[in-house]
Amino acid sequence: MKPSILVLGAGGFVGRRVVDALQASGSAVPILGLHRQGSPASAHLEKRVIEATNAQSVASALRGVSAVVNCGAGDADTIVAGASALIEAASTMNPRPRIIHLSSMTVYGSAEGLIGESAALIGDLGPYSRAQVAAESVVSKYPHAVILRPGCEFGPECEQWSVRIARLLCARRLGDLGAAGDGCCNLVHIDDVVSAISRALLDPNTDGRAFNLAVANAPSWNDFLTHYAIALGAVPVRRLTGRRLRIETKLLAPPLKIAEILARSAGLNTGFLPPPISPSLLRLMAQDIRLDSRAAASALGLTWKDPDAFIGETARWFLQQARGSP
């Protein structure tokens, strides 16, 4: 009998792809962990509606499950409360399920240089960064958990790093940032994130470990932005001055962010709004942090996708969507 895998956040960007990968492999039966009833892809699969921050609700969803992939999203409080509820519930199960917990490179905070998994988790970049550290602290106490720390997840349909950046490049609001874009762009293709999850699920010897996920020899942000802009046809690539970037982050970003929040609270699609360029985004683009992902490549047998290929692939997808092509 195939094992059952509960995918928390199954309706999200990563969760949908994990479900698809489990189905395609035929090695396990994915169960969709959702925070409300809906009809995501793979609608014929079992769905379990879960209040992710309630241990009793999570425990009910864990019945008969061999492993859990925790790729649920949310604000800082939800991230910590969700991890706590999951570990509390899993600890009551017999046998206890394995857990693959998707964290973030933000646990390393403002650190710079080549960063391996043993580096200090300082989480000094705001509430989200601190929440990821707190969630990892909870998960790391559970003996059957693997923690994955992806860099900037990239690929078709990725709103954060593919769509938003493409829109900013096409509007000439991003481009060559000069010294402000000399930091390392720790890209990782979504397929590589899903492969890491799938392989960690198959290997109990990875329990208790954490893995960075990012391409080897990652480009600088300037190189990435220039390459992506050319692939999108957003040429000539604009060189942005420090003054222009200050206008973006200090004058334009606050009202754009407020408009985005109001639109979401009203149930509106935010696609009509220009995306804000936040101070945290520019800070990341200047930060010289390079994730050392050799442990993941070795232990999980990963071969990273080539950024030159997947940047072009994602640009073609974005342009097709912009033209309304299927």
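Since this is a predicted model, take the numbers as computed values, not measurements. (Residues numbered from 1 in each chain as written. Predicted model: local features only at pLDDT ≥ 70, side-chain atom pairs only at ≥ 80, totals over all residues. Heavy atoms only, no water.)

### Side note on the packing of helix α5 (residues 159-170) against helix α7 (residues 221-232)
So, point 1. Between α5 and α7, whose axes approach to 10 Å, the crossing angle comes to 75 degrees. In terms of orientation, α5 and α7 fall into the roughly perpendicular class. In contact with Trp161, Ser162, Ile165, Ala166, Leu169 and Cys170 of α5, α7 contributes Trp221, Phe224, Leu225, Tyr228, Ala229 and Leu232.
So, point 2. Looking at the contact of α5 with α7, its residues break down into eleven nonpolar, one polar and no charged. (Axes fitted to C-alpha atoms, helices over the stretch in contact; angles between N-to-C directions. Helix = DSSP H or I, 4+ residues; strand = E, 2+ residues; numbered from the N terminus. Parallel < 35°, antiparallel > 145°, perpendicular 65-115°, else oblique. Contact = heavy atoms within 4.5 Å. Nonpolar A, V, L, I, M, F, W, Y, C, P; charged D, E, K, R; others polar.)

### Notes on α5
So, point 1. Those residues of α5 not exposed but buried are Trp161, Ser162, Val163, Arg164, Ile165, Ala166, Leu168 and Leu169.
So, point 2. Contact partners of the buried residues in α5: β8 (152-154), α7, α9 (279-286) and α11 (307-323).
So, point 3. Just beyond α5, the residue with positive phi is Arg172, at close to 60 degrees. (Buried < 20%, exposed > 50% of the residue type's maximum accessible area, 1.4 Å probe, protein only.)

### Digging into the packing of aromatic side chains
Two measures describe an aromatic ring pair: the distance that separates the ring centres and the angle between the ring planes.
So, point 1. Counted by the stated rule, this structure contains six aromatic pairs.
So, point 2. Aromatic side chains Phe154 and Phe310 sit 5.8 Å apart centroid to centroid with 45 degrees between the ring planes, which places their arrangement in the tilted category. You can see Phe154 sitting in strand β8 and its partner Phe310 sitting in helix α11, a full 156 residues away along the chain. In this structure, Phe154 and Phe310 share a single accessibility class: buried.
So, point 3. Ring plane angle 80 degrees and centroid distance 5.7 Å describe the contact between Trp221 and Phe224, whose orientation is recorded as edge-to-face. Taken together, the residues Trp221 and Phe224, both in helix α7 and three residues apart, mark about one turn of the helix. (Phe/Tyr/Trp six-rings, centres within 6.5 Å; stacked < 30°, edge-to-face > 60°.)

### Observations regarding the pattern of salt bridges
So, point 1. Inspection of every chain in the model, using the stated rule, returns twelve salt bridges.
So, point 2. The partner of Glu46 in a salt bridge is Arg48, and the shortest N-O contact between them spans 2.8 Å.
So, point 3. By relative accessible area, which is 17% here, Arg48 ends up buried.
So, point 4. Residue Arg264 pairs with Glu260 through a salt bridge whose shortest N-O separation is 3.6 Å. Remark: Glu260 and Arg264 occur in helix α8 (residues 242-265); sequence separation between them is four residues, near one turn of the helix.
So, point 5. The exposure class assigned to Arg264 is exposed, which follows from its relative accessible area of 53%.
So, point 6. Since its relative accessible area comes to 13%, Glu260 is described here as buried.
So, point 7. Here the residues in one salt-bridge network are Arg16, Arg17 and Glu157, joined through shared partners. (Salt bridge = Lys/Arg side-chain N within 4 Å of Asp/Glu carboxyl O.)

### Looking at unusual backbone geometry
So, point 1. Residue Pro95 is reached from Asn94 by a cis peptide bond, and omega for that bond is 0 degrees.
So, point 2. Here Pro95 is to be found in the loop between α3 (76-90) and β5 (98-102).
So, point 3. A cis amide bond links Val235 with the next residue in sequence, Pro236, at an omega value of -5 degrees.
So, point 4. By secondary structure assignment, the location of Pro236 is in the loop between α7 and α8.
So, point 5. Even without glycine at this site, Glu157 takes up a positive phi of about 80 degrees.
So, point 6. Relative to the helices and strands, Glu157 is located in the loop between β8 and α5.
So, point 7. Relative accessible area serves as the criterion here: at 40%, Glu157 is assigned to the partly exposed category.

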